[in-house]
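Commentary on secondary and tertiary structure
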Amino acid sequence: MTTSTVSTAGKLPRTRERTTLVVGLAGWSLRHPVLAVGVWLVLVVISVVGGNLAGLHQATDAQLAPGETGRAAAMIQAAGLQGHDTESVLITAKAGSRPDRTALDDAVAQVIAALTPLPMVTEVSAAVSSSDLAARLVPVTVADGVDDPKPLLAAVSRVAAQYPAVQIDVTGSLTIQADVDQQLARDFSSALLLSLPITIVILLLAFGALLAAGVPVLLGASSVISAVGLYTVASHVLPDGGTAAEMILLIGMAVGVDYSLFYLKREREERQAGRTGRDALIVSAATAGHAVVTSGCAVMVAMAGLFLLGDVNFSSMALGAIIVVALAVLGSLTVLPAMLGLLGERVDRPRIPLLSRLTMSGRPARVWPMLLRPALRFPAVTLLLGVAGMLMLAWPATSLHLKVSTAADLPQSLASVAGYERLTTAFADQRSSVTVVANGEPAQVRAFAARIRTAVTGDPAFGADPEVRGVTGTSVLSVAVPYAEDSKQAGAALHTVRSTLVPQALAGMTGIQVAVGGSIAWNVDYLQELSTGAPCVIGFVLLMTFLLMTWSFRSVVVGVVTVAANLLSAGAAFGVLALVFQSRWGADLLGFRPTGGVIAWIPVFLFVILFGLSMDYHVLVISRIREATDRGLPIRDAVRSGVSASASVITSAAAVMIGVFAIFAGLHMVEFKELGVGLGAAVLLDVVVVRILILPALMSLLGRANWWAPAFVSRLHPSTFQSTRAE
């Protein structure tokens, strides 16, 4: 096992290397540092240029829609009946003003006159009045391919300026999407501007030197930039679902900085122990480098589990995360050793006064052995209390309510979203819809549509006057539902259409293909897709994590302990999510409007990410404990040595992650708030409770059993962490 101690004669032992891929890559990079750095820069440039030339290929609505909703969307697309985007202009009296019907009617006339000549507008329909006559609705049909609502908004603003007592809102898919895109762009610009200085400050505290702090940031940022370009090219094979770029930034900066941090800390430790130049870097590659590979493989394998859902959005996020993690691992094994080889001891320059003395002293840690005393002196009690505390925190997750993101979850500060709220209040039948699509023999399709229309007309569960459009052999019937799309009443209306009205309308007909979609169906089918696929994803991640850790450490017990520890962290994170977003504890602090549930995709994605990211710390801690054990230390001394040796790097890496996740919790979109809170809480609990209390206590109790494995597992390959020995 690698040793960093000096011999009794005062000379450092020579190293004998067992060549592995990791050590081989590091050795090649050290022999050709300029070439290694140059190749990395060329890769980044080619990725960016290739991505810009290829352009992002986004998934269609039919590809994004789940289950039967997706089939309905595909039928509509095949028949060319997608329809044009429709924006709604809502005209009401301003809050605190009495409705002046004459002013409302005059404003309606001016809006129609202002919008009709616009090139982006194909039709302005007659105004519709609300039941109490206090609101007017002007539907506006927008031409295909229009993605900028600014001319429409500008025309409406000019009219609104003429009627100070009248509130004029523009809302619809075009304006809401434009507002959301602008808010996301502002949010992520702010996140990037905040995350970089926070990361640099934490790294300065960790290293006490500017270059040492800058190298991980450069590697992480270059990995993200390159990954975005490569993902853009890959989107022509697997279309983009819309959120992969954000995930690449989130995951890429976290793992890129972490992997560099592991390597740099180990290289500095070896230099402080007396190794110089190539020896220190080779030992770092053989230890920290192997930990990086194991951790990176764990992240990529966990993310690959998302492909099992069969959902385009999840698959695109998984692909983006796998690309950026693979690049971060590759960079840590090649360009990082090359840069450190070129810099040499200059990596510790320029030094930050006071911080450099604290971080470069090489003195044994004092704080961490003190924090470990309860786990090492009273392991059974510490283990029991630690597990009990995590289970108590996880308990609220047993009542976790999953929901699909709707307009109610969007920031109310967006003008189009606030307008949509006022629209659905004044015109209840605009809240949601059910879309019935039929394809077959034209006469039977027309008869089927007529039966459905007759069945829903006059039923209070549905809106009035269902809209029918079609071409030869295909009919699309849009039925308004006067309830929020995620409500029980809306779900009941959909169930009635699918299970009762459609079968009745098909009575006596043959050869007709029918699919029921729309906004309500999208929610129901999406939740069904998640509930069906999530167990497969969870099972895959658990199994692959167990196999990977068992193989890496030649220990079945390590595999089981890894799975159990990560399950505790994930359960506690879900409990925090339920407390903050479902029990409304954090609404005022985080600035969101509670809707009584957690966005459905968050727990599945959070579970996968946590199992991947927590491996950063777990692999590092276990590998250092294994090193100490192989040096002949008793298990409790090995645990103390391993945890203490890795504590500073884990604390620094966790601080970077928590800082980035905290920024996400401050973004406007509730999905990213939930993601930031869940990941931040999980990392904090994982580092403080699992790595300081639960894991040391459990390994102390297990003793030599920590490394037990059947004979065939032990013979798989030599220990990963015995790549370099002292002679």
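Since we're looking at a predicted model, the values are computed, not measured.

**What about unusual backbone geometry?**
Between Arg349 and the following residue, Pro350, the backbone shows a cis peptide bond with an omega angle of -20 degrees. Secondary-structure assignment places Pro350 in the loop between helix H12 (335-343) and helix H13 (355-359). We note that Leu133 has phi near 65 degrees; this positive angle belongs to a residue other than glycine. Here Leu133 shows up in the loop between strand E4 (128-129) and strand E5 (135-142). At Arg554, a position not held by glycine, the phi torsion is positive, near 50 degrees. Following the sequence through the fold, Arg554 ends up in the loop between helix H19 (519-553) and helix H20 (556-582).

**So, the pairing of E5**
Every other side chain in a regular strand lies on the same face of the sheet, so the side chains alternate between the two faces. Counting buried positions along E5 yields 7 of 8 residues, so the element is predominantly enclosed. Here strand E2 (residues 86-93) pairs with E5 via 7 bridges, running antiparallel. In the sheet register, Thr92 faces E5, and the bridge partner there is Ala135. With 3 bridges joining them, strand E3 (residues 121-124) and E5 adopt antiparallel strand pairing. Across the sheet, Val124 pairs through a bridge with Val140, a residue of E5. Pairing of E4 with E5 involves 2 bridges; the strand directions are antiparallel. Bridge pairing in E5 links Ser129 to Arg136.

**Topic: the pattern of salt bridges**
Should the charged atoms of two oppositely charged side chains come close, the side chains can pair. Tallied over the entire structure, the rule returns 18 salt bridges. Close ionic contact of Arg268 with Asp348 constitutes a salt bridge, the shortest N to O distance being 2.6 Å. In this pair, Arg268 is assigned in helix H9 (residues 244-272) and Asp348 in the loop between H12 and H13, connecting sequence segments 80 residues apart. The pair Arg268 / Asp348 is uniform in exposure class, with both members buried. Its salt-bridge partner being Asp525, residue Arg498 comes within 2.9 Å of it at the nearest N-O pair.

**Brief notes about the packing of H9 against helix H10 (residues 277-304)**
Here H9 crosses H10 at 160 degrees, and the two axes come no closer than 9 Å. Of the possible angle classes, the one that applies to H9 and H10 is roughly antiparallel. The two elements H9 and H10 meet at a crossing, and its hand is right-handed. For the pair H9 and H10, the contacting residues are Tyr259, Phe262, Tyr263, Arg266, Glu267, Glu270 and Arg271 in the first and Ala280, Leu281, Val283, Ser284, Ala285, Thr287, Ala288, Gly289, Val292, Ser295, Gly296 and Val299 in the second. Looking at the contact of H9 with H10 residue by residue, the classes come out as 10 nonpolar, 5 polar and 4 charged.

**Details of the packing of aromatic side chains**
According to the stated counting rule, one finds 5 aromatic pairs in the structure shown. Considering the side-chain rings of Trp522 and Tyr526, the 4.9 Å spacing of their centres and the 20 degrees angle between planes classify their relative orientation as stacked. With Trp522 and Tyr526 both in helix H19, this residue pair falls 4 residues apart, about one helical turn. Taking relative accessible area as the criterion, Trp522 reaches 28% and is therefore assigned partly exposed. According to the relative accessible area criterion, Tyr526 is buried, its value standing at 7%. Pairing Trp601 with Phe605 gives two aromatic rings, centres 5.7 Å apart and planes at 65 degrees, and the pair type is edge-to-face. Of the two residues, Trp601 and Phe605 both sit in helix H22 (residues 601-630), 4 residues apart, roughly one turn of that helix.

**Description of the environment of Ala213**
Within the secondary structure, Ala213 sits in helix H8 (residues 210-234). Sequence separation between Ala213 and Ser131 is 82 residues; the distance between their C-alpha atoms is 64 Å. With residues up to four places along the chain from it excluded, the contact list for Ala213 reads Ile200, Leu203, Leu204 and Phe207.

**A look at the sheet that holds strand E8 (residues 432-439)**
Overall, antiparallel pairing links the 4 strands, which are arranged E9-E10-E8-E11 in an open sheet. One side of each edge strand has no neighbouring strand; the edge strands of this open sheet are strand E9 (467-471) and strand E11 (513-517). Across this sheet, the average inter-strand angle for adjacent strands is 15 degrees, counted without regard to direction. Note that E8 and E11 share 5 bridges and pair antiparallel. Along E11, the bridge assignment pairs Asn439 with Gln513. Relative to the sheet, helix H4 (residues 67-79) contacts E8, E9, strand E10 (474-481) and E11, its axis offset from that of E11 by approximately 115 degrees. Together, E8, E10 and E11 form the strand contacts of H19, whose direction differs from that of E8 by roughly 90 degrees.

**Brief notes about the confidence of the model for the protein chain**
When pLDDT is averaged along the protein chain, the result is 85; 94% of the residues meet or exceed 70. Ranking the elements of the protein chain by mean pLDDT puts strand E13 (residues 724-726) last, at 37, and helix H15 (residues 379-394) first, at 95. Confidence over residues 1-18 falls short of pLDDT 50; this stretch has 56 contacts with residues more than four positions distant or in other chains. Scored below 50 in pLDDT, residues 718-727 makes 45 contacts in the model with residues more than four places away or belonging to other chains.

What counts and how
Just so you know, the residues in each chain are numbered from 1, in the order the chain's sequence is written. Whole-chain, interface and lining totals are the exception, using all residues; otherwise, since this is a predicted model, local features are given only for residues with pLDDT of at least 70 and side-chain atom pairs are given and counted only at 80 or more. To get the side-chain values, all heavy atoms of the structure are used, and hydrogens and water are removed first. Starting at the N terminus, helices and strands are each numbered in turn, a helix being any DSSP run of H or I of at least four residues and a strand any DSSP run of E of at least two. Any residue under 20% of the maximum accessible area for its type is buried, any over 50% is exposed, and the rest in between are partly exposed; the area is computed with a 1.4 Å probe on protein chains only. What makes two strands pair is DSSP finding at least two bridges between them. Counted as salt bridges are all cases of a side-chain nitrogen of Lys or Arg within 4 Å of a carboxyl oxygen of Asp or Glu. As a rule, the C-alpha atoms of each element are fitted with a line to give its axis, helices using only the stretch in contact, and angles between N-to-C directions run from 0 to 180 degrees. Small angles under 35 degrees read as roughly parallel and large ones over 145 as roughly antiparallel, with 65 to 115 read as roughly perpendicular and the rest as oblique. If you view the pair so one helix is near and one far, a crossing is left-handed when the near helix is turned anticlockwise from the far one by less than a right angle, and right-handed when it is turned clockwise. Residues are treated as being in contact if the distance between any of their heavy atoms lies within 4.5 Å. Under the convention adopted here, Pro, Cys and the residues Ala, Val, Leu, Ile, Met, Phe, Trp and Tyr are nonpolar, Asp, Glu, Lys and Arg are charged, and Gly plus all remaining residues are polar. The rule is short: rings of Phe, Tyr and Trp, with Trp giving its six-membered ring, pair when the centres are within 6.5 Å, and they are stacked under 30 degrees, edge-to-face over 60, tilted in between. Residue-level confidence of the predictor, termed pLDDT, takes values from 0 up to 100.

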